[in-house]
Amino acid sequence: MGLFLSGSQERPLAGQLSLTPARFRCAILLLLAACLWGCAPVAERPAPSATAGARPNILFIMADDHAWQAVGAYGSRLVKTPHIDRLAAEGIRFDQAFVGNSLCSPSRATLLTGKHSHAHGVRTNIDVFDGSQQTVQGLLRAGGYETAIVGKWHLKSEPTGFDHWEVLPGQGDYYNPTLVSAVGERRHAGYVTDVITDRALAWMAQREDTSRPFLLFFQHKAPHRPWWPSPTELADFTQDSFPEPSTLFDDYRGREAAAAAEMRISDHMGLSNDNKVSPSSARSLGHQPFLDWYERNYRNQLAGMSRAQRKQAHDVYEPISRAFVAHNPRGDELTRWKYQRYLQDYLSTIRSVDASLGRLLDWLEANGQLDNTLVVYTSDQGFYLGEHGWFDKRFMYEESFRTPLIVRWPGPVETGGVRARALVQNIDFAPTLLDVAGLSVPRDMHGQSLAPLFQADDASFREAVYYHYYEYPGIHAVKRHYGVRNQRYKLIHYYHDIDAWEFYDLERDPAELNNVYGAPAMETPAKAARRQLQVLQARFGDSPALAEDLLQRDLRATGH
Ligand code: SGN
Ligand code: CA
C-alpha cells in the first residue's frame, strides 16, 4: 500500500520445560495438525520461569540507530540515560548483542520473524515485507495476547498480526508526524517521540480485557538522521563539547571497503541537512551544502514545522550558523566542528527517548503492571558516533553490528544489574517472546530463546553470530559482505565488485584497525572462523552461491 512507500535451531531450546501428559498429548495433536497444514507447530506450554503460569505483558522498545556508546548503562562518556539505566540496574545488560544485517527494514523484519534477511525476504530498505508469513505477533495473538505496534514500521506493506497498529509512514517525520492506522491517516501536532509515547499510553489505557496479556512493539524514530531534537530541547547540548573517538581520523589502511564507504563526517555529512547550518551561510563560505538533496531535505524539515517550532529552531540554529561563518573552520578543524554539531543534536534526541521510557515505566508502575511486564530496550542496529570518521551503520564492525539490549522482568530475570557476555542476536527476539509467553518456538526460526540467560549468563550459549549486508550499490556505498564473529575473532568477506577478506583479533585490536587476514600467526583461528562461517551459512540456508544469485537479481531489478 502506497502509504508505506516513503533454519533451524542452533541447538535445542535450552530451558524447555517439562510437559504434563495432557499437554504432551495436546502438543502431539497440534504438531500433527501443523504438519498436515505444512507449517510449524505452535503449542502452549508453561512459562519458563519463577512466575510459572503468569504470562507477562511484553513491552518491546526499539529505538532507531541508538548506538550503545550513547547509553549510560554501557558506560557512555557522552550522555546520561537514567531510565534506560534503571532497566539495566534492575535487569540484565547484554554486552554482546548483535544484529544480522545492520539496517532498518531488515532488522525489523528479523524482529517479527526470528530469521535472517535472506529467509524473511527483506534484505534492504527497498524490499517489501510479506506480511502473510509467520510472525511473532501473529503467533502471540493466536496464543491469547493482545498485540499492538506504535511508531516506526518501515516495512512498506500493511502491518499484519496486530490488534492495533499506528505507525509512521516510511521514515516518518520528527515534527508533527502523520500516523497511519487501520482507520486511516492522522497528523499529530508535536514532536514525534512525545506523540508516539502519548499514543502508546493511550492504547494501554483503553484496553478493556486486561486479563489478556499484551504485546506492544514501541518503535521510535529517534535518534535517526537528520537528528532533529524536541523543540524544547534544541539548545540543551549546543554548548557542550564531547570527547573525540580515537579513530575520528582513521586512514582505513588494509580495509579497502571501509575506504570506499560514503559515510564520513568530513566529506559526506551535510552542513545543512545534518549540522543545521543555513544553506545561505554554508554557501557564503563557498561550501557546497553538499548535494542539492541535502539542502532540499533541510528545507522540507523546516516546512513541516509550525511557525512557533520554526522560530524555536531558528533561535537556536541561526547563532550557530553565524558563528560558523565567523569561525570558518577548514580541513580537520571542520571535521571536528561537524562532529561536535552531530553529537549535540543526536544526543539531544536520545534525551527524549529516555524520557519516553520514564513515562511508560511510570504508567506501568501506577497501574500495578510494571513487575508483570517484560520490558526490552534495544535498537534496530548500532551506529557510528565518529568512530572510523563515520556516521551511519551497515558495516559488520562493532559500533554498528552490536546493538544495545537490556531486559527487565523482576523474578524471572535476575535483578541487580547483571551483565551478560553470551553472544546473542536479533534473530533471538521472536523465540524469546514466544518462550516467555509459554508458546513453542517454530523450528524454522533461526534464533533461540534468551530466557535461559535470564537467570545466569552462559558464554557457551552460542559459538558465533552470523552477518550478511546487501544494500549495495546504494546510499553510503558500503559493499556487500557477510561474516562471523565469535567470542574473540571476526571474519568478514566483501564481494561483488571486490573480493576482500578481513580478520580481527578483537581482544588485541578492539577498534578493528589492524586487518590480520592472511597473517601466519592467525592461521589457526582464521581457519576455525572460516569453518564457523560455513557451518552457520549451511544452518541458515545461506551461501556464497545464494549471495551471487540475489546480487544478480538485485542488479537486474535496479537496472545496474
Ligand atoms: C536515510 C538517511 C541515511 C540512512 C538511511 C537508512 N539519510 O536515507 O543516512 O542510512 O535513511 O536508515 S537522511 O538524511 O534522509 O536521514 S535506516 O535506519 O532506515 O536503515
Ligand atoms: Ca535504523
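The rules behind these values
- Residues numbered from 1 in each chain as written.
- Chains lettered and ligands numbered in written order.
- Predicted model: local features only at pLDDT ≥ 70, side-chain atom pairs only at ≥ 80, totals over all residues.
- Heavy atoms only, no water.
- Domains from an automatic or database assignment.
- Contact = heavy atoms within 4.5 Å.
- Buried area = accessible area lost by both parts, 1.4 Å probe.
- Donors = N, O, S within 2.8 Å, 3.2 Å for Na, K, Ca; no water.
- Tetrahedral: all angles 85-135°; square planar, octahedral: opposite > 155°, others 65-115°.
- Buried < 20%, exposed > 50% of the residue type's maximum accessible area, 1.4 Å probe, protein only.
- Phe/Tyr/Trp six-rings, centres within 6.5 Å; stacked < 30°, edge-to-face > 60°.
- Lys NZ or Arg CZ within 6 Å of the ring centre and 35° of its normal.
- Helix = DSSP H or I, 4+ residues; strand = E, 2+ residues; numbered from the N terminus.
- Axes fitted to C-alpha atoms, helices over the stretch in contact; angles between N-to-C directions.
- Parallel < 35°, antiparallel > 145°, perpendicular 65-115°, else oblique.
- Nonpolar A, V, L, I, M, F, W, Y, C, P; charged D, E, K, R; others polar.
- Near = heavy atom within 4 Å.
- Polar contact = N/O pair within 3.5 Å; in protein donor to acceptor, adjacent residues only side chain to side chain.
- Areas by Shrake-Rupley, 256 points an atom, 1.4 Å probe, with all protein chains shown as cover.
- Pairing = 2+ DSSP bridges.

1. Quick notes on the domain arrangement of the protein chain
Here is step 1: Along its sequence, the protein chain is carved into domain 1 (2-25 + 32-227 + 346-463), domain 2 (231-344) and domain 3 (467-558).
Here is step 2: On the side of domain 3, 33 residues touch domain 1, which itself brings 36 residues to the contact.
Here is step 3: When domain 1 packs against domain 3, close to 2800 Å² is buried across both sides, 54% of that on carbon and sulfur atoms.
Here is step 4: When residues of domain 1 are sorted by the area they lose upon contact with domain 3, Arg123, Arg394 and Met396 head the list and together hold 29% of the total.

2. Details of the coordination of the calcium ion (ligand 2)
Here is step 1: Protein coordination at the calcium ion (ligand 2): the donors are Asp64 (OD), Asp65 (OD), Asp380 (OD), Asp380 (OD) and Gln381 (OE1), at 2.1 to 2.8 Å from the metal.
Here is step 2: Around the calcium ion (ligand 2), the six donor atoms are arranged such that angles at the metal cover 50 to 172 degrees; this shape is classified as irregular.
Here is step 3: Between consecutive donor residues of the calcium ion (ligand 2), the sequence gaps follow D-D-x314-D-Q. Considered together, aspartate 64 and aspartate 65 belong to a single accessibility category, that of buried residues.

3. Let's talk about the packing of aromatic side chains
Here is step 1: Taken as a whole, this structure holds 31 aromatic pairs when the rule is applied.
Here is step 2: Residues tyrosine 384 and tryptophan 390 carry aromatic rings whose centres are separated by 5.0 Å and whose planes lie at 80 degrees to one another, so their mutual orientation is edge-to-face. This pair shows no difference in class: tyrosine 384 is buried, exactly as tryptophan 390 is.
Here is step 3: Relative accessible area serves as the criterion here: at 0%, tryptophan 390 is assigned to the buried category.
Here is step 4: An aromatic cluster is present here, built from Tyr252, Tyr384, Trp390, Phe395, Tyr397, Tyr494 and Tyr504 joined pairwise through their rings.
Here is step 5: One cation-aromatic arrangement involves lysine 276 over tryptophan 228; the distance from NZ or CZ to the ring centre is 5.2 Å.

4. Thoughts on the environment of proline 223
Here is step 1: Residue placement: proline 223 occurs in the loop between β8 (214-219) and α7 (256-260).
Here is step 2: Residue classification places proline 223 among the buried positions, given a relative accessible area of 0%.
Here is step 3: Residues proline 223 and glycine 358 lie 135 residues apart in sequence; the distance between their C-alpha atoms is 17 Å.
Here is step 4: What proline 223 contacts, discounting residues up to four positions off in sequence, is Ala63, Asp64, Asp65, His66, Tyr174, Tyr346, Thr349 and Ile350.

5. A look at the packing of helix α2 (residues 82-89) against helix α11 (residues 331-366)
Here is step 1: Orientation of α2 relative to α11, taken along the N-to-C sense of each, is 55 degrees, at an axis distance of 7 Å. The angle between the axes of α2 and α11 places the two elements in the oblique class. Where α2 approaches α11, its residues Pro82, His83, Ile84, Arg86 and Leu87 are matched on the opposing element by Asp354, Ala355, Leu357, Gly358, Leu361 and Glu365.
Here is step 2: When grouped by side-chain class, the residues that make up the contact of α2 with α11 number six nonpolar, two polar and three charged.

6. Focus: the site of ligand 1
Here is step 1: Around ligand 1, the structure places 21 residues, and the nearest of them are Gln171, Asp392, Lys393, Arg394 and His476.
Here is step 2: Interatomic distance of 3.4 Å between a side-chain N/O atom of aspartate 64 and an oxygen atom of ligand 1.
Here is step 3: Here an oxygen atom of ligand 1 sits 2.8 Å away from a polar atom, N or O, in the side chain of glutamine 171.
Here is step 4: In isolation ligand 1 offers 460 Å² of accessible surface; the protein chains occlude 90% of this area.
Here is step 5: Classifying every residue of the shell around ligand 1 by side-chain character gives five nonpolar, eight polar and eight charged.
Here is step 6: Each of domain 1 (2-25 + 32-227 + 346-463) and domain 2 (231-344) gives at least three residues to the shell around ligand 1.

7. With respect to the sheet that holds strand β15 (residues 489-494)
Here is step 1: The antiparallel open sheet is built from four strands, whose spatial order is β13-β14-β15-β16. Edge positions in the open sheet fall to β13 (464-469) and β16 (500-505), since each of these has one partner strand only. In this sheet, adjacent strand axes meet at a mean angle of 10 degrees when their direction is disregarded.
Here is step 2: As paired elements, strand β14 (residues 481-486) and β15 share five bridges and run antiparallel to each other.

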